[in-house]
Amino acid sequence: MRDRRFLALIAVAIAIVLFGLYSLVAGADAGDAGDGVGAAERSRPGPARTRVMELSPVPDSEPAPSAVFTPAPATPPAPAPPTPAPAVSAPPTPAPAPPDGPGPVAARYFDAWRAGDLTAMAGLVADPPSDFAERHRRFSAELRVTSVSLTPGAPSGGGDTAEVPFSGAREVAGLGRWEFSSVLRLARRDGSWKVLWSPETLHPALAGGGTLRRRETPVPRPATLTREGLPFPRDSRAGDHYTGLDGTAVDVELVEEPSGRVLLAARAPEVPGTRTTISRAVQAAAARALDGVGQPAAIVAVDVPTGQVRAVADTLGAKGAFAGLYPPGSTFKTVTAAALLRTGLTPDSPVPCPGGYTLPNGRHFDNDGGADHGTVSLATAFALSCNTTFAQQAHERLRGGGLRAEAADRFGFREKPGASTCRIRDAVTADDLGADAIGQHSVLASPLCMAEVAAAVASGTWRPAITTEQPPADAPAPVPLDEGVAAGLRAMMDAAVTRGTAARAGLPPGTAGKTGTAEVTGVPSHAWFIGYRGDLAFAVLVRNGGSGAAVAAPVAARFLQAL
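Residues numbered from 1 in each chain as written. Predicted model: local features only at pLDDT ≥ 70, side-chain atom pairs only at ≥ 80, totals over all residues. Heavy atoms only, no water.

Undergrad: Tell me what's going on with the overall build of the protein, and back it up with residues and numbers.
TA: Check the secondary structure of the protein and you find 15 helices and 23 strands. Counting the 563 residues in the protein, one finds 42% classified as buried. Nonlocal contacts in the protein, meaning residues at least 24 apart in sequence, comprise 64% of its contacts between residues at least 6 apart. (Helix = DSSP H or I, 4+ residues; strand = E, 2+ residues; numbered from the N terminus. Buried < 20%, exposed > 50% of the residue type's maximum accessible area, 1.4 Å probe, protein only. Contact = heavy atoms within 4.5 Å.)

Below, the structure is given as structure tokens:
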């Protein structure tokens with residue numbers, strides 16, 4: 001019974017609690033949801049309203065079970081997501097140290113060398129010189145090394161030193177593959193292996209202060225050659241007439257200094273050239289004979305039997321030695337003498353050589369310096385270059401075109417194919433004829449043309465000069481001279497050298513020739529000398545050089561003496 005009362009009391013207490021809670025909730029709802037009067041009443045002051053709660057008696061019996069409200073626990077607000085902490089990278093794992101030892105260090109050095117990594121190379125060297133990188137760059141640049149390959153051998157040694165022999169090959173511009181062998185020396189320094197670098201590491205020839213030098217030597221490789229297949233001589237003075245004389249190539253060598261030993265060489269290949277009729281020795285003599293001649297000048301030499309040009313040294317410009325037209329002066333007396341001999345005179349025929357001579361009703365002619373030699377042989381008049389004799393004899397014997405015919409028909413003074421140029425016009429007056437007879441007035445010739453005249457006297461046949469092995473198809477035909485005329489001219493040209501105007505020029509024995517001093521209005525005279533010696537005929541012209549005997553003949557002497 002006592003237990004039932006106790007349970008009843010508990011039930012009543014629970015009911016009271018529940019009712020109180022309900023009342024509070026309902027009151028709050030009524031206060032919140034009531035009309036305006038209720039609100040006013042709540043707001044109006046007055047005594048507090050008393051609420052009476054009636055309690056039902058609790059039966060003695062155990063009450064039926066009732067639902068019990070258990071308030072749910074309040075759901076706490078979801079916590080804000082935590083702010084992520086800044087990422088902290090893990091400390092890098094240190095790279096493993098490169099393997100030490102002479103072999104691995106040497107391998108890294110060779111790898112860097114192949115790659116051209118001079119900084120890495122220097123980092124592997126014990127106490128590298130301050131110009132380590134520059135030495136390598138300069139070595140490759142000066143020798144023109146384009147690449148290097150290296151093949152190490154097996155390390156050797158013990159303790160704190162080692163050596164690695166190696167072979168290498170460099171590609172050198174213009175020389176190709178250059179093989180070498182050397183030794184890489186290493187030692188332990190401060191606990192690590194280092195390369196002991198020295199200049200001979202680059203190449204053994206650099207040991208002991210030695211050097212290597214690239215030597216490039218120009219060698220002639222002309223497109224045009226002499227008749228012997230050789231280059232034209234130095235400063236040949238033939239460039240106006242022949243092209244391709246100065247072609248060159250280069251011989252390349254790598255030279256060890258100071259020994260001078262050639263380590264590698266590449267010779268320029270031979271190139272086939274075109275041969276000419278020029279003789280190297282004759283061309284060299286002609287070119288050197290003009291050394292020191294202050295005025296424009298030319299020397300032309302031809303082979304007497306063939307007419308082939310053997311030398312042309314020309315500073316006249318515009319191919320003047322072949323194509324220039326100059327008054328030949330007294331050298332033309334050779335042609336005039338031929339015409340006179342054809343009229344019946346001989347070298348021994350007596351002729352007057354006064355100091356001055358005036359043509360009938362015409363021009364006055366003087367000898368050089370007004371020299372009066374009286375009556376002399378025709379050969380002596382020729383040797384002494386008597387203007388008066390030749391003007392007088394031409395007037396008396398060669399009127400009617402005889403001089404022009406001789407010059408044009410037998411000595412090439414006409415328009416014609418070929419290398420030489422010379423001309424003479426018809427003499428209209430006695431004055432014209434007298435001046436033409438001594439190589440003035442209308443007579444004009446190139447040095448090559450006058451060399452043809454000398455060659456015709458030497459051989460007895462006029463031939464056009466040629467610059468090829470055989471005459472061109474359109475070349476003028478050779479013209480034989482009368483045997484007596486040729487013999488007489490040879491005697492007269494010999495006299496000019498032995499006892500005439502060229503006697504003091506220093507010409508070697510066996511030379512025959514003729515001097516000429518061609519007057520030119522307003523400027524100094526042209527100096528001439530033509531002649532032959534053996535099978536070589538030649539002509540020398542020094543433009544505005546003055547006296548043929550004093551200027552041109554000594555040049556001819558230097559030319560002949562050099563042969």
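Undergrad: So what about the environment of Ala503? Which residues, and what values?
TA: Mapped onto the secondary structure, Ala503 falls in the loop between helix H14 (483–498) and strand E21 (512–520). Among the residues examined, Ala503 registers a relative accessible area of 38% and is labelled partly exposed. Each residue touching Ala503, except ones within four places of it in the same chain, is listed here: Ala496, Val497 and Thr498.

Undergrad: Tell me about the pairing of strand E13 (residues 350–353), and please be specific about residues and values.
TA: The side chains of a regular strand alternate between both faces of the sheet. Residues of E13 alternate between two faces, with Val351 and Cys353 buried on one and Pro350 and Pro352 left unburied on the opposite face. Where E13 meets strand E16 (residues 374–377), four bridges bridge the pair, whose relative direction is antiparallel. Each bridged residue has a counterpart across the sheet, and for Pro350 the counterpart in E16 is Ser377. (Pairing = 2+ DSSP bridges.)

Undergrad: With reference to specific residues and values, describe the packing of helix H8 (residues 333–342) against helix H11 (residues 402–411).
TA: Close contact between H8 and H11 brings their axes to 9 Å; oriented N to C, the two are set at 110°. In terms of their interaxial angle, H8 and H11 are classed as roughly perpendicular. At the point where H8 passes H11, the crossing takes the right-handed sense. Contacts from Val335, Thr336, Ala338, Ala339 and Arg342 of H8 reach H11 at Gly402, Leu403, Glu406, Ala407, Arg410 and Phe411. (Axes fitted to C-alpha atoms, helices over the stretch in contact; angles between N-to-C directions. Parallel < 35°, antiparallel > 145°, perpendicular 65-115°, else oblique. Left-handed = near helix turned anticlockwise from the far one by under 90°.)

Undergrad: I'd like a rundown of the pattern of salt bridges, residues and numbers included.
TA: Per the stated rule, a full pass over the model turns up 21 salt bridges. Across the pair Arg234 and Asp235 runs a salt bridge whose closest N-O atoms are separated by 2.9 Å. On the basis of relative accessibility, which here comes to 57%, the residue Arg234 falls in the exposed class. Among the charged side chains, a salt-bridge network with shared partners connects Arg342, Glu406, Arg410 and Asp482. (Salt bridge = Lys/Arg side-chain N within 4 Å of Asp/Glu carboxyl O.)

Undergrad: Any details on the nonpolar core? Residues and values, ideally.
TA: Formed by 78 residues in total, the largest nonpolar core has its most connected members in Phe411 and Phe413. Among the elements that take part in this core, helix H13 (residues 447–459) stands out by supplying nine residues, more than any other. Setting aside residues up to four positions removed in sequence, Phe411 forms contacts with Val335, Ala338, Glu406, Val453, Ala456, Trp462, Leu481 and Leu489. Judged by nonpolar contacts, the second largest core, of 34 residues, contains Met121, Ala162, Leu175 and Leu186. (Core = buried A, V, L, I, M, F, W, Y, C linked by side-chain atoms within 4.5 Å.)

Undergrad: Before we move on, can you summarise the state of the cysteines with the specific residues and values?
TA: Applying the stated criterion across every chain yields a total of two disulfides. With its sulfur 1.9 Å from that of its partner, Cys353 forms a disulfide with Cys386. Handedness of the Cys353-Cys386 disulfide follows from its S-S torsion of about -90°: it is left-handed. Linking Cys353 in strand E13 with Cys386 in the loop between helix H9 (378–383) and helix H10 (387–397), this pair joins segments that are 33 residues apart in sequence. Classification of Cys353 as buried rests on a relative accessible area of 0%. What makes Cys386 buried here is its relative accessible area of 1%. Residue Cys422 pairs covalently with Cys449 via a disulfide, S to S 2.2 Å. Here the disulfide of Cys422 and Cys449 is right-handed, its torsion about the S-S bond being about 80°. (Disulfide = S-S within 2.5 Å.)

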